[in-house]
Structure formats: structure tokens, C-alpha cells
Amino acid sequence: MSDIKQQIFQELAALEDSAAKLRAVATNAGKQTDLEVAILTEQVRALREKNANATEMINQTISILKNLK
């Protein structure tokens, strides 16, 4: 009976250790996801700025071409 109890406690300890490792992995994955979202958000902001600048240049070019006609 004592051996069975000891085995149960060992298995519970191993399960507890596995759960702790899984929590750590989940936490790290969440941090990684947050970092990726922050990077992508910054990239989108930069692309929107470039797009706005390109649109403005195109509009200026069209205006100049219309004046040359």
C-alpha cells in the first residue's frame, strides 16, 4: 500500500512539474505574440505613411501634367 501511495505522489509531482512547464511555455508564447503584434503594428504604420507620401507625390505629378497640357 505504501508503494502505491509513493507512486501516486511521484506521478502527481511529475504532473505538477509538467503543468508548471506548460504555464511557462504559454506565458512565453503570449509575450512572443505581443512582440510580433507590436512589430507588425509599427510596420503597418510605416507603410501607411509611405503610402500617404506616395499618394501626395502622385497627386502633385498629375497636377503638374495637367498644367503642362
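Residues numbered from 1 in each chain as written. Predicted model: local features only at pLDDT ≥ 70, side-chain atom pairs only at ≥ 80, totals over all residues. Heavy atoms only, no water.

## Some details on the overall build of the protein chain
- Scanning the protein chain from N- to C-terminus turns up one helix and zero strands.
- Its C-alpha atoms give the protein chain principal-axis dimensions of about 100 × 10 × 5 Å.
- Of all 69 residues assigned to the protein chain, the portion counted as buried reaches 0%.
- Charge-centre separation for the protein chain: the mean point of 9 positive side chains lies 13 Å from the mean point of 9 negative side chains. (Helix = DSSP H or I, 4+ residues; strand = E, 2+ residues; numbered from the N terminus. Buried < 20%, exposed > 50% of the residue type's maximum accessible area, 1.4 Å probe, protein only. Lys, Arg positive; Asp, Glu negative; His and termini not counted. Charge placed at Lys NZ, Arg CZ, Asp CG, Glu CD.)

## Topic: the pattern of salt bridges
- One pass over the structure, following the stated rule, counts three salt bridges.
- E42 is paired through a salt bridge with R45; the nearest N and O atoms lie 2.3 Å apart. With E42 and R45 both in helix α1 (residues 2-68), this residue pair falls three residues apart, about one helical turn.
- Connected through shared salt-bridge partners, E42, R45 and E49 make up one network. (Salt bridge = Lys/Arg side-chain N within 4 Å of Asp/Glu carboxyl O.)

## So, the UniProt feature "coiled-coil region" (unreviewed entry) in the protein chain
- When the UniProt feature table is mapped onto this chain numbering, "coiled-coil region" (unreviewed entry) sits at residues 5-57.
- Taken end to end, residues 5-57 is 100% helix and 0% strand, and its first and last C-alpha atoms sit 78 Å apart. (UniProt positions renumbered as here; feature names shortened; annotations may be inferred.)

## Here's the deal with the environment of T33
- Inspection of the secondary structure assignment puts T33 in helix α1.
- T33 sits 15 residues away from R48 along the chain, and the two C-alpha atoms are 22 Å apart.

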